[in-house]
Amino acid sequence: MSHFLPEDEVVLTACQGLALTYPGIGLCVEPLYLLATRPAPQRRVALVAGGGAGHEPLHTGLLGRGGLDAVVPGAVFTSPGSAQIAAATLAAALLGERDGVLHIVKNYTGDRINFALAADQTRAAGIPVAEVVVDDDLATDRAAAGRRGTGATVVVEKLLGALADQGADLDGLAELGGQVAAASRSIAVCARAHTSPADRAPAFHLDPRTLDYGIGIHGERAAHTLADQPSVDLVVTRMLDELLGHVPTGPYGVIAVVSSLGGTSDLELRIISALVHQDLTSRGIHVHALAAGTYVTALDMAGFSITLTGLAPGWAGLWDLPTDTPLRLPGSAASTTTTLAPPTHAPSAARATAATAQGGGRAFLDELHQVAALAHTDLTALDQATGDGDFGDNFCGGVTAAVHLADRAGIAGTAALADTFRDHVGGSSGPLFGMLFTALAPSADRFPADVPALAAALRRALSRITAIGGARPGDCTLVDALAPAADALAVTPPAEPGRALTAAAHAAIDGARRTAALTARRGRASYTGYHSEGLPDPGAVAIALVLTALAHVHEPQLAGELPALPDIIRS
């Protein structure tokens, strides 16, 4: 990312890092180029590509056996000079008994000019040179300079590298390269511009929930902006609709490449690739290969591109051949997801709990569901300040999932909470609140309230949570609300059993509020230093919400004594 570039020698330093990482890659400093030093012995024609830096791992990722012989990097978003290209071309031609060199050139004016000048110099030295131009960007289909070269470069380089290793001649490679480029189209979208290396600020501004549709890999603004960002599945469908109007889809299927533009996560790319596969197969199009990763970037731009290549006979086999390059592309894709079932030789804990809880009450679950829905945003904000921001989704989502389980299976509300949190909610909140709800079931659903049973349940939950999680009162965790609630419930005077849960809720709320003055010593908040100071722990707040829900269900006449929900959450 362009936040961490050195003041000078940016590209050279990056090339040094690549050559140090992969011993089969050699580096020439002046003029600058990279050379694959262990080519396949059958290769008769050298493959040379290059272009401006900032698109990594484009070109350099496919440098080596099964890919390119030489890569010529320019400055960020800037074509390399003709002297660089000519030197790299000559070096690649001299790697072995070569019959010529093929230049793979993206369709940008600077690249076309400098590669053409280098080709003239190389031919003057008696070495045949041919050229393949990649021009796949559908967003510039009607541009006077022709379509830009983008994601299809990866497909062209991969297929040509495989064929070159089989001993193909210059004319055969040039012909295949032209055919692959013609059968390929790409389109890209972004939600945030790349960071400019010059001022370390976004190169241009996009409003929230706005997409630039048809963005260029040098940060060129798109001709179309989607002001009200549609869902990702609709964006993917629109992109495929346009691509399929220009890509042949015969009986051999397609290669689909989903690439991050530099700032899009693997999680998002995997989702997009699944949507691409689903969409194409629903149209009856065979997806031979599905590559999702970071292949062609625009520094750290938050966006992605989709490239489709319509396959001809023999191309799929070339794609599937392995490479010895920094970037390893996946081979043929699965036709469907391999869906596995969990083992069935032993009953799950969820089924065991449910079997003993049929037909129970769910007033507590329904009350907690309403409370959690109102608290979701604030719990998320608290956890973003003190942790990783997932607590609101985990806790409130778990409560909602428990409602669905109770509806579907007809089981008691607290049993549904216990099963859901224990078995299906991740992070630390899942198992810890699973222990709490497991202890509370079934006493939380009994009417009238069995105060001794509830007191014993909270004490069991506290003991189990402290044993497993290791937290103690004062560590700024949910224990700081659970412990005082358990204590309050345990010492309820015999004459006042009707106030026991309200008193416990008051104790939990006070305990949660006190965590704002504590220094976190457990959990993710302990990693954030002073950022967590002055804010209550979200887990402790959730314990207060649980006790408040219990009090509202079992002691509704005293509900007015408890603080309003915003005062509990934002204390």
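Please refer to the structure higher up on the page.
Residues numbered from 1 in each chain as written. Predicted model: local features only at pLDDT ≥ 70, side-chain atom pairs only at ≥ 80, totals over all residues. Heavy atoms only, no water.

Caption draft 1: Highlighting the sheet that holds strand S7 (residues 184-192). As summarised here, the arrangement of the six strands in space is S9-S8-S7-S12-S10-S11, forming an open sheet in which the pairing is mixed. In this open sheet, the two edge strands, each paired with only one partner strand, are strand S9 (224-226) and strand S11 (287-293). On average, each strand axis in the sheet is inclined to that of its neighbour by 15°, with strand direction left out of account. Where strand S8 (residues 211-213) and S9 come together, three bridges link them in antiparallel fashion. Bridging across to S9, Leu-211 finds its partner in Leu-226. Against the sheet, helix H7 (residues 266-282) contacts strand S10 (254-260), S11 and strand S12 (302-310), and its axis sits at roughly 160° relative to S11. (Pairing = 2+ DSSP bridges. Helix = DSSP H or I, 4+ residues; strand = E, 2+ residues; numbered from the N terminus. Axes fitted to C-alpha atoms, helices over the stretch in contact; angles between N-to-C directions. Contact = heavy atoms within 4.5 Å.)

Caption draft 2: Structural context of the packing of helix H4 (residues 152-164) against helix H5 (residues 170-182). Running from amino to carboxyl end, H4 crosses H5 at an angle of 155°, the nearest separation of the two axes being 10 Å. The angle between the axes of H4 and H5 places the two elements in the roughly antiparallel class. The two elements H4 and H5 cross, and the hand of that crossing is right-handed. Two secondary-structure elements touch here, H4 through Val-155, Val-156, Leu-159, Leu-160, Leu-163 and Ala-164 and H5 through Gly-172, Leu-173, Leu-176, Gly-177, Val-180 and Ala-181. Tallied by class, residues from the contact of H4 with H5 come to 10 nonpolar, two polar and no charged. (Parallel < 35°, antiparallel > 145°, perpendicular 65-115°, else oblique. Left-handed = near helix turned anticlockwise from the far one by under 90°. Nonpolar A, V, L, I, M, F, W, Y, C, P; charged D, E, K, R; others polar.)

Caption draft 3: Quick peek at the sheet that holds strand S2 (residues 33-36). A sheet is described by the order of its strands in space; here six strands give the open sequence S1-S2-S4-S3-S5-S6, paired in mixed fashion. Of all strands in the sheet, those with a lone pairing partner are strand S1 (25-28) and strand S6 (129-134), marking the two edges. Looking at each pair of strands side by side, their axes are set apart by 20° on average, direction ignored. Pairing of S1 with S2, which is carried by four bridges, proceeds in the antiparallel orientation. Looking at the pairing, Gly-26 lines up with Leu-35 of S2.

Caption draft 4: Quick peek at the nonpolar core. Among the nonpolar cores identified, the biggest contains 68 residues, and Phe-395, Phe-433, Phe-437, Leu-440, Val-546 and Leu-547 are the most heavily contacted of them. The dominant element in this core, judged by the number of residues it contributes, is helix H17 (residues 538-554), at 11 residues. Counting residues in hydrophobic clusters, the runner-up holds 52 residues, among them Leu-68, Leu-160, Leu-176 and Ile-217. (Core = buried A, V, L, I, M, F, W, Y, C linked by side-chain atoms within 4.5 Å. Buried < 20%, exposed > 50% of the residue type's maximum accessible area, 1.4 Å probe, protein only.)

Caption draft 5: Looking closely at a nonpolar patch on the surface. On the surface, a cluster of nonpolar side chains totalling about 270 Å² of accessible area is made up of Val-232, Leu-267 and Ile-271. Secondary-structure assignment places Ile-271 in helix H7. According to the relative accessible area criterion, Ile-271 is partly exposed, its value standing at 42%. (Patch = residues over 30% accessible without salt bridge, like charges linked within 9 Å, V, L, I, M, F, W, Y side chains within 5 Å. Areas by Shrake-Rupley, 256 points an atom, 1.4 Å probe, with all protein chains shown as cover. Salt bridge = Lys/Arg side-chain N within 4 Å of Asp/Glu carboxyl O.)

Caption draft 6: Layout of the side chain of Ser-186. Inspection of the secondary structure assignment puts Ser-186 in strand S7. A relative accessible area of 1% places Ser-186 in the buried class. A distance of 2.5 Å separates the side chain of Ser-186 from the side chain of Asp-136, its partner in a polar contact. In this structure the side chain of Ser-186 is engaged in a polar contact, spanning 2.5 Å, whose partner is the side chain of Thr-307. Apart from the residues within four sequence positions on either side, Ser-186 is in contact with Asp-136, Asp-137, Leu-138, Ala-139, Thr-150, Gly-151, Ala-152, Leu-243, Ile-306 and Thr-307. (Polar contact = N/O pair within 3.5 Å; in protein donor to acceptor, adjacent residues only side chain to side chain.)

Caption draft 7: Here's a closer look at helix H2 (residues 82-93). Taking 1.5 Å per residue, 12 residues should reach 16 Å; H2 reaches 16 Å between its end C-alpha atoms and fits that length. Within H2, nine of the 12 residues are buried, which leaves the element mostly enclosed by the surrounding structure. Where H2 is buried, its residues touch S2, strand S3 (45-53), strand S4 (70-76), strand S5 (100-106) and helix H3 (109-124). (Expected span 1.5 Å × (residues − 1).)

Caption draft 8: Highlighting the environment of Ala-503. With respect to the helices, strands and loops of the structure, Ala-503 is situated in helix H16 (residues 500-514). Note: C-alpha distance between Ala-503 and Leu-20 (483 residues apart in sequence) is 66 Å.

Caption draft 9: Quick peek at the pattern of salt bridges. Tallied over the entire structure, the rule returns 22 salt bridges. The shortest N-O distance in the salt bridge between Lys-106 and Asp-111 comes to 3.9 Å. Here the two residues Lys-106 and Asp-111 agree in accessibility, since each one is buried. One salt bridge connects Arg-123 with Asp-120, and the closest N-O pair in it is separated by 3.3 Å. Of this pair, Arg-123 and Asp-120 both sit in helix H3, three residues apart, which is roughly one turn of the helix. Salt bridges here are not isolated pairs; linked through shared partners, they connect Arg-43, Asp-69, Arg-98 and Asp-165.

Caption draft 10: Region of the structure containing helix H12 (residues 413-424). With 12 residues, H12 should cover 16 Å at 1.5 Å per step; its first-to-last C-alpha distance of 16 Å lies within 8% of that length. Counting buried positions along H12 gives nine out of 12 residues, so the element sits mostly inside the fold. Three or more residues of H12 are buried, namely Gly-413, Thr-414, Ala-415, Ala-416, Leu-417, Ala-418, Asp-419, Thr-420 and Phe-421.

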